[in-house]
Amino acid sequence: MTEGTRTHIAATEGTRSHAAVTEDTRTHIAATEGTRSHAAVTEDTRTRVAEGVRADAATGGCADGVAEALVPRLPSVTVERRVEWPDTDAAGHYHHSTVVRWVEAAEAVLLRRLGLSHLFGSTPRVHFEADYRARLWFGEAVRTELRVTKVGASSLHYAFTVLGEEGAEAATGRMVIAHSAARATGTTPWPADVREVLTKAGPQAPELITGTTGGTPCA
């Protein structure tokens, strides 16, 4: 091998080594830039999320995340009434039908609180059930807790609890009503504004009586 051939081979190898180093350098730079771009996007995303949370908190929303903000707040109300003499039967305690009136009285209070009193007359009862657990006597203050449990396409489901003065459960049950507009031959879907109220209004102010004197069994 001549000296010229050796020099040519060395130069060629050097060129290849330089090219390999250059390509490796380019790959490293590209990887680095990619990492920097990813970090920048990640940081930008974190910033946007943080700003969104702060904005939500500033407007009174749920600062912990969207999922909690979407949780429905179904309406409820508590109403107090007294066991009146016509409410009792021959045994001296409240008649079973009285619970229906107490529940419907609570429903009336709830709808008025929600600004939905225009629904009176267009919400027939389609189901009512009750379990009677304790006696309530003439003159006793009774608390009825009424809760919306489900809003269907054209139905509304309630659950109720009737409590005596000592806080013991006297009756529990549920009631289902349907929306049927005047002169309609069947049910009618809830209007969008009504559905909005029925799914998001939350607990309402109670209607309580004062000066309870307690009830006693009749002689």
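Our structure is the block above this text.
The rules we used
- Residues numbered from 1 in each chain as written.
- Predicted model: local features only at pLDDT ≥ 70, side-chain atom pairs only at ≥ 80, totals over all residues.
- Heavy atoms only, no water.
- Helix = DSSP H or I, 4+ residues; strand = E, 2+ residues; numbered from the N terminus.
- Buried < 20%, exposed > 50% of the residue type's maximum accessible area, 1.4 Å probe, protein only.
- Contact = heavy atoms within 4.5 Å.
- Areas by Shrake-Rupley, 256 points an atom, 1.4 Å probe, with all protein chains shown as cover.
- Pairing = 2+ DSSP bridges.
- Axes fitted to C-alpha atoms, helices over the stretch in contact; angles between N-to-C directions.
- Salt bridge = Lys/Arg side-chain N within 4 Å of Asp/Glu carboxyl O.
- Arc of directions from axis to C-beta.

**Description of the overall build of the protein chain**
Part 1 of the argument: In terms of regular secondary structure, the protein chain is built from four helices and five strands.
Part 2 of the argument: In the protein chain, the succession of α and β elements from N to C terminus is α-α-β-α-β-β-β-β-α.
Part 3 of the argument: Buried positions account for 31% of the 219 residues belonging to the protein chain.
Part 4 of the argument: Look at the contacts in the protein chain between residues 6 or more apart in sequence, and 69% of them connect residues 24 or more apart.
Part 5 of the argument: Working note: accessible area of the protein chain is about 13500 Å², and carbon and sulfur atoms make up 56% of it.

**Regarding the sheet that holds strand β5 (residues 169–178)**
Part 1 of the argument: An order of β1-β3-β4-β5-β2 is seen for the five strands of this open sheet, with the pairing classed as antiparallel. A strand with exactly one partner marks an edge of an open sheet, and here the two such strands are β1 (76–82) and β2 (125–132). For this sheet the average axis-to-axis angle between neighbouring strands, irrespective of direction, equals 20 degrees.

**Topic: the environment of Lys 150**
Part 1 of the argument: Inspection of the secondary structure puts Lys 150 in strand β3 (residues 141–151).
Part 2 of the argument: Non-local contacts of Lys 150, meaning those with residues more than four positions away in its chain, are made with Leu 74, Ser 155, Leu 156 and His 157.

**Examining the side chain of Asp 87**
Part 1 of the argument: In this fold, Asp 87 is placed in the loop between β1 and α3 (98–113).
Part 2 of the argument: Since its relative accessible area comes to 4%, Asp 87 is described here as buried.
Part 3 of the argument: Aside from chain neighbours lying at most four places away, what touches Asp 87 is Arg 82, His 93, Tyr 94, His 95, Thr 98, Arg 101 and Trp 102.

**Focus: the pattern of salt bridges**
Part 1 of the argument: If you walk through the whole model with that rule in mind, you get nine salt bridges.
Part 2 of the argument: One salt bridge in this structure joins Arg 81 and Glu 207, with 3.0 Å as the shortest N-O distance. Here Arg 81 is found in strand β1, whereas its partner Glu 207 is found in the segment after α4 (192–200), with 126 residues between them in sequence.
Part 3 of the argument: Residue Glu 207 is classed as partly exposed on the basis of its relative accessible area of 28%.
Part 4 of the argument: With a shortest N-O distance of 3.2 Å, Glu 104 and Arg 125 are connected by a salt bridge. Separated by 21 residues along the polypeptide, Glu 104 in helix α3 and Arg 125 in strand β2 bring together distant segments of the chain.

**Let's talk about α4**
Part 1 of the argument: Of the positions making up α4, those classed as buried are Val 194, Leu 198 and Thr 199. Projection of α4 onto a plane perpendicular to its axis shows the buried side chains occupying an angular sector of 120 degrees, all on one side. Along α4, the residues that are exposed and aim more than 90 degrees away from the buried face are Ala 192, Asp 193 and Lys 200.
Part 2 of the argument: Taken together, the buried residues of α4 touch β3 and β4 (155–163).

**Looking at the environment of Ser 76**
Part 1 of the argument: The topology assignment puts Ser 76 in strand β1.
Part 2 of the argument: Separated by 82 residues in the primary sequence, Ser 76 and Tyr 158 place their C-alpha atoms 9.1 Å from one another.
Part 3 of the argument: Beyond its immediate stretch of four places on either side in the chain, Ser 76 contacts Leu 110, Leu 146, Arg 147, Gly 202, Pro 203 and Gln 204.

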